[in-house]
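Examination of the molecular architecture
The lines below spell out each chain.
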Amino acid sequence: MPNSPLLATIQSDPPSGLLSDPSDTDYRRQRLQQIGSYPSPTPIAQNQADDETTALCAVPSGTGYGTLPIVRPRRARTQPSLWIAPRRPTLPSLPITRSGTISVPDSPSAFSTTFTQSTHHRRISQQRPISAYDAHLVNANADAAETDINIRTNGFRVWYSSFTSIDWLHDSIKDSVRFARLRRGKSIRSRVRLVFDKSLGWIIVTVVGFLTAVVAFLVVRAEQWLFDVKQGYCKTALWHARHLCCPRPDEYGSLDGYCPAWRTWSDVFASWTGSGSGGEDSVVQYLALTVIAIVLASTSSLLTINLTASTSFITRKESGVLSPDFDKSGEQNAPSSSQPKRGVIYYAAGSGIPEIKTILSGFVIHGYLGGRVLFIKALGLALSVSSGLSLGKEGPFVHIASCIGNIVSRYHTKYENNEAKRREILSAACAAGVAVAFGAPIGGTLFSLEEVSYFFPPKVMWRSFFCAMIAAVTLRFLNPFGTGKVVLFQVTYDKDWHAYELIFFILLGVLGGVYGAYFSKLNYRWSRDVRGGTWLKAHPVAEVILVTLVTTVLCLSSPYARMGGTDLVYNLFSECRTGSKNTHFNLCVLDPSNFDHVWSVVRAILVAMIVKGFLTIITFGIKLPAGIFIPTLGVGACAGRIVGIAVQWLQYHYPNSIVFDVCKGDMDCVVPGLYAMVGAAAALSGVTRTTVSLSVIMFELTDTLTYAVPVMLSVLVAKTVADALEPKGIYDLVIELSQLPYLDAKHEYLWSNLSIKEVTDRDVDVIRVDQHNTVESLRDQLQSLLNAEHDDGGFPILRPGRDEDGLRMVGYIGASELEHALVVVAERATQEVRFHTTYADEELATSYSTWVEEPRQSEDDPFDFSVYMDQAPLMIQSNSPLELLHQFFVKLGARYVIVTDTDGDYEGVINKKTWLAFLSELEEKS
């Protein structure tokens, strides 16, 4: 038979054996589609495909990126029942060819068509292709009898597709086997390898911390220069930002003095036209600022949209190639599914923390932590922050650090081939990201524990702290701000707080909680109804330009609104020292007894607070790198500064009041900057719902524990108030809005009278070993599974019970593993496929055909798929409480759970996405 025209265009080598990498998706799709059309075995080559480290791939038309469980609109029930198991559509006709072309090298593939059946059987019998994911579990120098029993019982795994859950239990077993083999060696070389293995994690986190600090330094310096370029340039050194160009005052932070080395664009225009000095408040200056800001923001958005779209990350690790989503011709041959398809998402957009939480919880998003996203995120972040939009760079630093952790850790197979182990490095990288953002290594470690990480044993905590320390120390030596400080708004106070101020701190906590709750609500509704429900959804760059234009116009209303986020927070935090010429842009009230003077300052701060709050609502979520920390700190600091100035005014007017007796006549007793810091912490706690880590970050910012009680009190009050008004923080709402498959281990559910039977999927296809299972029939079952969008599912393998009344479990095989196995034997469509369990005693074998009549099949039989089968899946009885099932998924990290009746007979299966869909409906119902 001549080769298929399409297959003939794919140049490659045949699968090379046990340690081979996964095949190209086009190759696997064509192999599976042509099962049954081979009159004789034909070795077909595979294409060396791109992965997330290579250049952009062609974007398939109409491709959805993964699927999610059904998530209803918030507080709106659309289904009468809590969970309905989806029905699978009938198997459509399989297309053999697709329209469109595949780009290949010029040299044609040369394969022989004269292979006999025995030659083909011998080739694949000796070299069964297993994904490189479990390659290091295969000992090439040992026979099958020496293979660890845990490996054979748990089965080999292949690659994980995007938005599928990892198998925590399998990865844990795999790492324990790997480590046991290392300890088994007694030679000097084996001992050296063991020591290196134990030290590898520390080496990696050291490199990650150092590189995170270097990238943060480059981003900060680029952002400072680009931000100041909107206003002018330095005549002495074009690459210097304004604070590096101009002489500093005695106390850093005030740049309101005249700087002869700095030239504004209005001055440049005035020199061209000969009209004299332009000044910083001229129309030309505002126009130049607006145009440059739009250029910076739109450039960041274009980079994000064009270079980090999810559809551009097509890797060999993707499975489910029989799904209609992989048909690049755009012909949807399968009926539409009841489950929604995932649209295009942009990996460099937003803060990245919700997606990092999803990844650390055990889900895979290929390419999200790759080199391309790292570069675009860092470059786009500098552009977006410098444009003057109401956003920050602190949250995206967590994403950047995670990208670095992912890239560095994958240089060794210990982390490359173990998704669970790699997440330990990612947790440490998150701590480093917060450390360089706030100069708070301890706070970064606690932030990773409290907000981001899902699995955080003591070993990970130590490495996270070490990684954060390396990052903070490195950034301190790099000195990005030229002040010797890690962050611009790091301040110190020389005044203590007093008991009467606790009342005002509680007030700030209430205000922060109210702001956080309603900010989250309004941003969620804006993103859902305006950004996602109008023409803006199809024109994200136009939205960025409009938001930038609105920002530049509204910022004209207040000089504080025009300031950069870190500059504003620093000056609001600053203490006004007696006799200092630095008034911090007139934020210092020189005459607190004069109401008119006080009101003029308060009014300017109030306008800036309202403008910043509104702009943050419409800005957070646009398609460019954007964080939420700095804008929220700015709004909270404005509120705190206003309260502090009000208390200061009261002290000047009522100095003899019993409330102010503790001041003992000291008119500088009240520090408005302290109130600003407390208000900032309260607002950030209300928005993100962090408590312990945020308090420690604020302690490290002020270099003292003197204000531990005020900060802790306001943070706790803010979280309590915010939780009462809106149970979910901003990150959880983004996860819900984006339909990310995140299982919250901290959430408590009310199970009422529900049982496991309510969520069990009884309609899932099964493989029965007492029936004739051929390569072609299993391919058809796999096609049906993928058409129903159960890409994260699999097949229970069953046999009849001893009394022929009911079905018993033999094992479970995932869709990815079955696909990989079928590709190897695609030429033999009518050949029977066998499954059996691993027992030394032949009488205990549970493959029905083996148990009844056939001899045990050889271990190297390519049509024996038992090597991919989980022979000991987690099982639970149908009368068990739902809380126990929940703990299976949360504490054990189960990917699927088999449900049996009280007699041990099979009833159904519950996978992680099915459980997530059930929890979503349960939450809406309650």
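Residues numbered from 1 in each chain as written. Predicted model: local features only at pLDDT ≥ 70, side-chain atom pairs only at ≥ 80, totals over all residues. Heavy atoms only, no water.

It is worth spelling out the pattern of salt bridges at this point. The final tally for this structure, using the stated rule, is 27 salt bridges. Across the salt bridge formed by Asp167 and Arg157, the nearest N and O atoms sit 3.3 Å from each other. With Asp167 in the loop between α4 (149-154) and α5 (168-184) and Arg157 in the loop between α4 and α5, the pair connects residues that are 10 residues apart, well separated along the chain. You'll find Asp167 and Arg157 in the same group, each marked buried. Lys459 is the partner of Glu424 in a salt bridge, and the nearest nitrogen-oxygen pair spans 3.9 Å. A residue pair is termed long-range when its members are at least 10 positions apart, and Glu424 in helix α14 (residues 419-438) and Lys459 in helix α16 (residues 458-478) qualify at 35 residues. Overall, Lys459 belongs to the partly exposed group, its relative accessible area being 33%. A cluster of three or more residues bridged by salt bridges with shared partners is formed by Asp175, Arg178, Asp197, Lys414, Lys421, Glu424 and Lys459. (Salt bridge = Lys/Arg side-chain N within 4 Å of Asp/Glu carboxyl O. Helix = DSSP H or I, 4+ residues; strand = E, 2+ residues; numbered from the N terminus. Buried < 20%, exposed > 50% of the residue type's maximum accessible area, 1.4 Å probe, protein only.)

Before going further, it helps to examine the sheet that holds strand β4 (residues 794-800). Spatially, the three strands line up as an open sheet ordered β3-β4-β5, and their pairing is mixed. What marks the edges here is a single partner per strand, and that holds for β3 (767-768) and β5 (807-814). The pairing of β4 with β5 spans seven bridges and is antiparallel. Across the sheet, residue Arg799 finds its bridge partner in β5, namely Arg808. (Pairing = 2+ DSSP bridges.)

Before going further, it helps to spend a moment on the packing of α5 against α14. The interhelical angle for the contact between α5 and α14, taken along N-to-C directions, is 90°, at an axis separation of 7 Å. Relative to α14, α5 is oriented roughly perpendicular. Between α5 and α14, the residues in contact are Trp168, Asp171 and Asp175 and Glu419, Ala420, Lys421 and Arg423, respectively. (Axes fitted to C-alpha atoms, helices over the stretch in contact; angles between N-to-C directions. Parallel < 35°, antiparallel > 145°, perpendicular 65-115°, else oblique. Contact = heavy atoms within 4.5 Å.)

A few words now on the side chain of Ser520. The residue Ser520 is located in helix α17 (residues 501-531) in this model. A polar contact of 2.8 Å, which involves the side chain of Ser520, links it to the backbone oxygen of Gly516. Once you skip the residues sitting within four places of it in the chain, Ser520 turns out to touch Val687, Arg689, Lys728, Gly729, Ile730 and Leu733. (Polar contact = N/O pair within 3.5 Å; in protein donor to acceptor, adjacent residues only side chain to side chain.)

A cluster of basic side chains, namely Arg183, Lys186, Arg191 and Lys198, defines a positive patch on the protein surface. Summarising the element assignment, Arg191 is placed in helix α6 (residues 188-229). (Patch = residues over 30% accessible without salt bridge, like charges linked within 9 Å, V, L, I, M, F, W, Y side chains within 5 Å. Areas by Shrake-Rupley, 256 points an atom, 1.4 Å probe, with all protein chains shown as cover. Lys, Arg positive; Asp, Glu negative; His and termini not counted. Charge placed at Lys NZ, Arg CZ, Asp CG, Glu CD.)

The subject of this paragraph is the confidence of the model for the chain. Mean pLDDT over the chain: 78, with 77% of residues reaching 70 or higher. Here helix α28 (residues 848-852) is the element of the chain with the lowest mean pLDDT, 39, and helix α11 (residues 371-386) is the one with the highest, 95. Note that pLDDT drops below 50 for residues 42-131; the model gives that stretch 237 contacts with residues more than four away or on any other chain. Contacts for the low-pLDDT stretch residues 840-858, under 50 throughout, to residues beyond four places or in other chains number 35 contacts. (pLDDT = per-residue confidence, 0-100.)

With that settled, consider the pairing of β4. Across the seven residues of β4, seven count as buried, placing the element largely inside the fold. Two strands pair when backbone bridges link them, and β3 and β4 are joined in this way by two bridges, in the parallel orientation. Within β4, the position partnered with Arg768 by the bridge is Leu798. Where β4 folds back on β5, the antiparallel hairpin that results is connected by six residues, among which Glu804 adopts a positive phi of roughly 60°.

With that settled, the discussion passes to the sheet that holds strand β6 (residues 875-877). As summarised here, the arrangement of the three strands in space is β6-β7-β8, forming an open sheet in which the pairing is mixed. Edge positions in the sheet fall to β6 and β8 (906-911), since each has one partner strand and no second. The mean inter-strand angle of the sheet, taken between neighbouring strand axes irrespective of direction, is 30°. Inspection of the sheet shows strand β7 (residues 896-900) paired to β8 by five bridges, in the antiparallel sense. Paired with Tyr896 across the strands is Asn911, a residue of β8.

Phe397 and Phe573 are the most contacted members of the largest nonpolar core, which has 133 residues in total. If you look at the next biggest cluster of nonpolar residues, it comprises 30 residues, including Leu782, Leu785, Phe795 and Ala826. (Core = buried A, V, L, I, M, F, W, Y, C linked by side-chain atoms within 4.5 Å.)

Before going further, it helps to spend a moment on helix α23 (residues 692-702). One turn of the α-helix equals 3.6 residues, which is why residues spaced by three or four share an orientation. Of all the 11 residues making up α23, 10 are buried; the element is thus mostly covered by neighbouring parts of the structure. Burial in α23 covers these residues: Ser693, Leu694, Ser695, Val696, Ile697, Met698, Phe699, Glu700, Leu701 and Thr702. Its buried side turned inward, α23 meets α14, α15 (441-452), α19 (565-573), α22 (672-688) and α24 (708-725).

Turning our attention to a nonpolar patch on the surface. A contiguous nonpolar patch, built from Ile506, Val510, Val514, Tyr518, Leu522 and Leu725 and spanning about 450 Å² of accessible area, is present on the exposed surface. With five residues, α17 is the largest single contributor of residues to the nonpolar patch. Mapped onto the fold, Val510 is located in helix α17. For Val510, a relative accessible area of 32% gives the class partly exposed.

In this section: the packing of α14 against α15. Working note: a packed helix pair is described by the angle between its axes plus the distance between those axes. Interaxial distance between α14 and α15 falls to 7 Å at its minimum, and their mutual angle equals 130°. Between α14 and α15, the angle falls in the class oblique. The element α14 and its partner α15 pack so that their crossing is right-handed. Where α14 approaches α15, its residues Ser427, Cys430, Ala431, Val434 and Ala435 are matched on the opposing element by Pro441, Gly444, Thr445, Phe447, Ser448 and Val452. (Left-handed = near helix turned anticlockwise from the far one by under 90°.)

Here the focus is the packing of aromatic side chains. Under the definition given, this model contains 18 aromatic pairs. Look at Tyr812 and Tyr896: their rings are 3.9 Å apart centre to centre, the planes differ by 25°, and that puts the pair in the stacked class. Linking Tyr812 in strand β5 with Tyr896 in strand β7, this pair joins segments that are 84 residues apart in sequence. For Tyr896, a relative accessible area of 9% corresponds to the buried category. (Phe/Tyr/Trp six-rings, centres within 6.5 Å; stacked < 30°, edge-to-face > 60°.)

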